[in-house]
Amino acid sequence: MFRVVIGIEVHIQLKTKTKAFCSCPNSLSIEPNSQICPICIGEPGTLPSLNKEMVYKAALASIAFHCDIKRVFHFDRKNYFYPDLPKGYQITQYETPIGQNGYLTIFNEEGKPKKIGIERIHMEEDTAKMLHDFVNKVTFIDYNRAGVPLLEIVSKPEIENANEAINYLKMLKRTLEFLDISDCSLESGSMRCDINISVNKQDSGLSHKVEVKNLNSFNAIKRSIEYEISRQSELLSKDEKIVTETRLFNTETNKTETMRTKELAADYRYFREPDIPDIEITLEELDEIKNSLTERAEEMLIRFMKDYNLNYYLADLLTSDKEVAKFFERATKISNQPTKTANIIVTEIFSYLNQKQIPIKDINLQPEDLGNLIKLITENKISEKAFKDNIIEIIESKIEIDKFIESSRIISDDSSIYSAIDKVLTEQKDDALKKYLEGKESVFMFLVGQVMRELKGAGKIDKVKELLKKKIDQIKLDNSKN
Ligand SMILES: [Zn+2]
């Protein structure tokens, strides 16, 4: 067996009003090259001015990932030429990343936690976006993206397999979404991942590093890691050398392909950005940022398992979205039944949201009303079947909640149940009842089912059994008299 070492670099676009170093709006509009200015397209003689909101959000993210904050930092220039980089260099943070030595907690399928170290978090600016038209052999460049603030989050090489990598990325995305500082969409590119994979012999150090790029879905990330692990393992078992390089994942072949051998850091000729002075976050500002941190996604997941006694599966689903978590907590406060409430949300409510393609905040159902219905179900006052049959009508206001509760009350009065029993026994007299009287006991539950059906599922089951038994005993007695 070989030792697998995986490290992940994630770039996320920060949601800010303006770009990192100019006052252009930070919104990727439909019209290309409409949100640009002399600063972000790198005209000579222009000077950058730092966006405070970017620093604030970068610091907030660093705190959320348990990092040490560098209160005094500067920016550096990473020099290289590419058409999407109008200045010929990228403003980034090389020497003094704002956050260092943090971690993120991930969980396996049994809910067992593992901390993955975060090496560093730094700010930088995004490049322009290139669109290649392979048919006409032209490339379009949209500079709207040039200068959009990015956060780069670099993990320590502590991830051991594809599942852990996916769990890490999902929890990272969730943490940032909880802070509302990024959309974190792999599909649209507001979150981008580079995966470093190195398979080694058990007792040797890291001999190489393979970086995989071009990954725009969790599925592609998982498959690319699995492919790399098997490719490198195969080379190792043949005692062949694995080259340090950058590879691209091909979604059609499910394989990675060589893109280029990796540049060394020195190739970029980093030096300190001379146009931006040292920046200092004051202690007061740092306190203010720390105070604005709400519960972390990983903490909420642990709390849901502990306080509500939910299994990992339910706790994970409910905390995957802050609004869902809020909905659950408000409903449970009324129902007092965490597990039942959780199950109803992840089945009935999720299937409705899926069907309508809407987020939970747009659902026309107050969590307190749902909590109340669940409370009535567990108190045996309304039937669960009626609830499940009518929940969509309730959400869509086709049935008023009060009327629904009234019409779905569990029937427990003797006369209603007896009249249903009489009806069923009259219909079944020759067949089922006779068989039961002849000793076929399983028929009893069939009759209970028939009576329940007659009561539209709303009969109180214990009472139905009790009265049916009584009625049959009565018939037996009558028969023996005749
Ligand atoms: Zn600009």
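Because the structure is predicted, anything quoted here is derived from the model rather than measured.

## Quick look at the domain arrangement of the protein chain
Stage number 1. Segmenting the protein chain into domains produces domain 1 (7–196 + 215–220 + 246–287), domain 2 (295–407) and domain 3 (414–481).
Stage number 2. Here the C-alpha centre of domain 3 lies 70 Å away from the C-alpha centre of domain 1.

## Some thoughts on unusual backbone geometry
Stage number 1. Notably, Asp-180 is not glycine yet its phi reads approximately 55 degrees, a positive angle.
Stage number 2. Accessibility expressed as a C-beta count within 10 Å gives 12 for Asp-180, which makes it exposed.
Stage number 3. Phi is positive for Gln-357, which is not a glycine, with a value near 55 degrees.
Stage number 4. Among the structural elements, Gln-357 can be located in the loop between helix 8 (338–356) and helix 9 (367–378).
Stage number 5. On the neighbour-count criterion, Gln-357 (7 C-beta atoms within 10 Å) is exposed.

## Focus: the pairing of strand 12 (residues 210–213)
Stage number 1. Note that strand 11 (residues 191–201) and strand 12 share 3 bridges and pair antiparallel. Note on strand 12: the bridge partner recorded for Asn-196 is Glu-211.
Stage number 2. Examined bridge by bridge, strand 12 and strand 13 (residues 245–250) share 4 bridges and lie parallel to one another. Its bridge partner being in strand 13, Glu-211 is matched across the sheet by Thr-246.
Stage number 3. Tracing the backbone out of strand 12, into helix 3 (residues 218–237) and back to the parallel element strand 13 gives a crossover that is left-handed.

## Thoughts on the pairing of strand 10 (residues 149–155)
Stage number 1. Burial of strand 10 is extensive: 6 of the 7 residues sit out of reach of the surface.
Stage number 2. Bridge count for strand 1 (residues 2–13) against strand 10 is 5 bridges, and the pairing is antiparallel. Within strand 10, the residue paired with Val-10 across the bridge is Ile-153.
Stage number 3. Note: strand 7 (residues 113–125) against strand 10, 7 bridges, orientation antiparallel. Bridge pairing in strand 10 places Met-123 opposite Leu-151.

## Details of the packing of helix 7 (residues 322–335) against helix 8
Stage number 1. Here helix 7 crosses helix 8 at 135 degrees, and the two axes come no closer than 9 Å. Of the possible angle classes, the one that applies to helix 7 and helix 8 is oblique. Here helix 7 and helix 8 pass one another in a crossing that is right-handed. Across the interface between the two elements, Phe-327, Phe-328, Ala-331, Thr-332 and Ser-335 from helix 7 touch Pro-338, Lys-340, Thr-341, Ala-342 and Ile-345 from helix 8.
Stage number 2. Looking at the contact of helix 7 with helix 8 residue by residue, the classes come out as 6 nonpolar, 3 polar and 1 charged.

## Digging into the nonpolar core
Stage number 1. If you look at the biggest cluster of nonpolar residues, it comprises 90 residues, and the most contacted ones within it are Ala-165, Tyr-168 and Ile-195.
Stage number 2. Considering every element that reaches this core, the biggest residue donor is helix 2 (residues 162–179), with 9 residues.
Stage number 3. Viewed by domain, this core spans two of them, domain 1 (7–196 + 215–220 + 246–287) and domain 2 (295–407), each represented by three or more residues.
Stage number 4. Sequence-distant contacts of Ala-165, that is, excluding residues within four places in its chain, are made with Ile-6, Ile-8, Ile-159, Ile-195, Ile-221 and Ile-225.
Stage number 5. Counting residues in hydrophobic clusters, the runner-up holds 10 residues, among them Ala-420, Val-424, Leu-447 and Val-451.

About the cut-offs
- Residues numbered from 1 in each chain as written.
- Predicted model: local features only at pLDDT ≥ 70, side-chain atom pairs only at ≥ 80, totals over all residues.
- Domains from an automatic or database assignment.
- Buried ≥ 20, exposed ≤ 12 C-beta atoms within 10 Å, placed from the backbone.
- Helix = DSSP H or I, 4+ residues; strand = E, 2+ residues; numbered from the N terminus.
- Pairing = 2+ DSSP bridges.
- Right-handed = clockwise from strand over helix to strand, strands pointing away.
- Axes fitted to C-alpha atoms, helices over the stretch in contact; angles between N-to-C directions.
- Parallel < 35°, antiparallel > 145°, perpendicular 65-115°, else oblique.
- Left-handed = near helix turned anticlockwise from the far one by under 90°.
- Contact = placed C-beta atoms within 7 Å.
- Nonpolar A, V, L, I, M, F, W, Y, C, P; charged D, E, K, R; others polar.
- Core = buried A, V, L, I, M, F, W, Y, C linked by C-beta atoms within 7 Å.

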